[in-house]
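Structural overview
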Amino acid sequence: MDHSARFLVVALLLAVGSLSPTSLAQAVHCDLQPVDPEVTYFTSQVPRGCVAHVPNATVEVHVLFLEFPRGTSELKLTVNMSKQTGVQPQEVLLVLGVNQSIFLRLQAPGIPLRLAYVPSRVFHEPLGVDSIHLPNITTKNQFLSWAGARGAIASVAELNDPQSILLHLDPAPGSPPPCSPESHKDMGDTLEWQPHTGALVQGCLLEGVAGHKEAHIVRVLPGSEARSRTVNVKVDVSCTLGSPEAVLILQGPPYLSWFIDTNHTMQILTTGKYSFKIFPEENKSDVDLPDSREGLPASPTPARTTPPRESCNQNLLMTLLQPKCANGTMTLGLKKTHVLGLSCDIISLTFWDSSCQAEDTGDQFVLHSTYSSCGMKVIEHVINNEVIVNFLSSPSPTRKKVQCVDTDSLSLQLGLYVTPQFLQPSDTIELGQQGFVQVSMSPSIPELTLTLDSCQLDLGPEMDAVELIQSEAAKGSCVSLLSPSPRGDKRFSFLLRGYMVPTPKAGILNCSVSLFLGSWGQKTYRTVTMRLNVVSPGVSGHTLVLPAVLGITFGAFLIGALLTAALWYIYSHTRTPSKREPVVAVAAPASSESSSTNHSIGSTQSTPCSTSSMA
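This report concerns the structure included in the present document.

Conventions adopted
- Position numbers for residues start from 1 in each chain and track the written sequence from start to end.
- The model is predicted, so local features are restricted to residues of pLDDT at least 70 and side-chain atom pairs to those at 80 or more, both for listing and for counting; the totals for chains, interfaces and linings are taken over all residues.
- The side-chain values count all of the structure's non-hydrogen atoms but skip hydrogen atoms and water molecules.
- Only DSSP runs of H or I with at least four residues qualify as helices, and only runs of E with at least two residues qualify as strands; both kinds are numbered from the N terminus onward.
- We call two residues in contact whenever any of their non-hydrogen atoms come within 4.5 Å of each other.
- Under the rule applied, a polar contact is a pair of N or O atoms within 3.5 Å (in protein, one hydrogen donor and one hydrogen acceptor; residues adjacent in sequence only if both atoms are side-chain atoms).
- Only strands joined by at least two bridges in the DSSP assignment are considered to pair.
- Inter-axis angles, ranging from 0 to 180 degrees, are taken between N-to-C directions of lines fitted to C-alpha atoms, where helices are fitted over the stretch in contact.
- Exposure categories follow from relative accessible area, calculated using a 1.4 Å probe and restricted to protein chains: below 20% of the type maximum is buried, above 50% is exposed, and the middle band is partly exposed.
- Buried Ala, Val, Leu, Ile, Met, Phe, Trp, Tyr and Cys residues that are joined via side-chain atoms within 4.5 Å together make up what is termed a nonpolar core.

1. Looking at the environment of S514
- With respect to the secondary-structure elements, S514 resides in strand β39 (residues 506–517).
- Linking S514 and R526, residues twelve residues apart in sequence, is a C-alpha distance of 6.2 Å.
- Beyond its immediate stretch of four places on either side in the chain, S514 contacts T449, L450, T451, D453, K523, T524 and Y525.
- A distance of 3.3 Å separates the side chain of S514 from the side chain of D453, its partner in a polar contact.

2. A short note on the sheet that holds strand β11 (residues 152–160)
- Spatially, β10-β8-β6-β4-β11-β3-β13 is the arrangement adopted by the seven strands of the open sheet, whose pairing is mixed. Each edge of the open sheet carries a strand with a single partner, namely β10 (130–133) and β13 (182–186). If you compare each strand with its neighbour and ignore which way they point, the axes differ by 30° on average.
- Direction of pairing for strand β4 (residues 59–67) relative to β11: parallel, over a ladder of eight bridges. Note that in β11 the partner of L64 across the bridge is A157.

3. Quick look at the pairing of strand β8 (residues 113–117)
- A large share of β8 lies buried, amounting to four of its five residues.
- Bridge count between strand β6 (residues 91–98) and β8: four bridges; the pairing is parallel. By the bridge assignment, L94 is partnered in β8 with L115.
- The sheet contact formed by β8 and β10 spans four bridges and is parallel. Bridge pairing in β10 places Y117 opposite H133.

4. Concerning the sheet that holds strand β31 (residues 411–417)
- One open sheet accounts for four strands, arranged β31-β33-β38-β37; its pairing is antiparallel. Since the sheet does not close on itself, it has two edges, and those belong to β31 and β37 (479–482), each with one partner. Averaged over all pairs of adjacent strands, the angle between their axes in this sheet comes to 20°, without regard to strand direction.
- Two strands pair when backbone bridges link them, and strand β33 (residues 434–442) and strand β38 (residues 490–495) are joined in this way by six bridges, in the antiparallel orientation. Among the inter-strand pairings, G435 is bridged to a residue of β38, identified as F494.

5. Notes on the nonpolar core
- Formed by 35 residues in total, the largest nonpolar core has its most connected members in L468, F492 and F494.
- Sorting the residues of this core by element identifies β31, β33, β34 (448–458), β35 (466–470), β38, β39 and β40 (523–535) as the ones contributing at least two each.
- When sequence neighbours within four positions are dropped, the list of residues in contact with F492 reads G435, F436, V437, L452, C455, L468, I469, V479, S480, L481, L482 and C511.

Here it is as structure tokens:
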């Protein structure tokens, strides 16, 4: 921009924390027009909201009502909590109510979060948290009723066209329950958000002023609560014609202080105290600034500037291209409403082989191909290709590598073992016995991550299901996560309670897993189950595992060998010598001869004790 004979006044009307965008249309000496400089801000004031103190809630509920002026907006949502507090809710339920389709990017590291939303309105990349699909409810009262039935509502906020939201879970001062929304509510430290449209930026060029000069004005309006706070202001000045003289005018309520981060030397005029990022000492301006919109800018007739224009968000559109592989086919779908909402004009959508073009199905463009055509490459059950999009606004095509897993060729196995060595699977477990569980996938794909989402043991309709695993974490003190097997199989152990009424006879072990490819934008969910026999301790007839069978077999063999050796020893030491002494024949009656004959027959038996008894 040429500054040679003009004085540029840019009114950056943003409010940080207690703000609402305003207009300088009534300025007397400057006919302000929209200009191009990018101005963004974060604030804790919402059009309507509330904060409640719920320190002992089992489920802490937060509700966000989001209004967007266009379809398929992108929203970055971050949920965090300071580690210094040491107090963390058992579960956090975040309920989203949106009026248009959005693409959600969620970050909630280490937070026990569950996200509830209407699936037809929210599209997202892998969330990393549990989700609840709500029925098609539309009114705010319906959302609040549903949320209030699940736990204690800690905050409610209504936001208009947010670009990013930061939700803090640290305990903050608030009113006791219930949470009753108020207009123009300052959410304090609980919530900060950035509008998608940015602040209203207007300016005018002043003719006849020598030198390169420009002034930037930031005006913050008073909020509903007059509390001390610091406004962070970052200014990046860029000019192609040398370094201009710059003035930064910061006007707001007297309880505000300013923290300034700038890449340019400039004169500072503020209400209240201010400090610089590189010089943290506080300073105070000696100039009294007007406390009105009209008093801040002044100039004669302005020159018209170009208003900002919306352009195609190509990067966001490319993230919506997520492949699915099933039944020997890779498929990608792109809804026309998303293309229109992102202000994009698409000339063509193809695979790497440009002859494979997308089909127009009425409401979306669909690109599909078998695994053996259109340039597909199959490497260890992973299907690879490239998507090429030609935009009307871009001279060169945009490319994106896509891949997905042929899940039809994958097999999941669930095994129960009664020893930590995982040697022999079993389908029987005793009450009071420790069970060892392994979830494995075949074939093993190194690039594919298997996540153990949940596992439970169902012991019949008369008993509650036993929760074992939830989001890769053990549920209860009787469950332990174990190190994976050498090939990466998921393992855990659990201790079955020893006494139950009624005594279960069988159970169903059920595990839900998700499969995620590192460069793949989607998760595949699978469920694997097995039936177990449950027996009481000491009950005979239940299946013996391999170590017990081998022990019994070896013991029986050893006992048999010892008995044989003992009998042989007795026989060899007590048998009659080979040369027998002559037997004296005693005359006897016929009956005695018969008796002697019987003795002679008895002496021919092989048992040693039988021979000695005849002597």
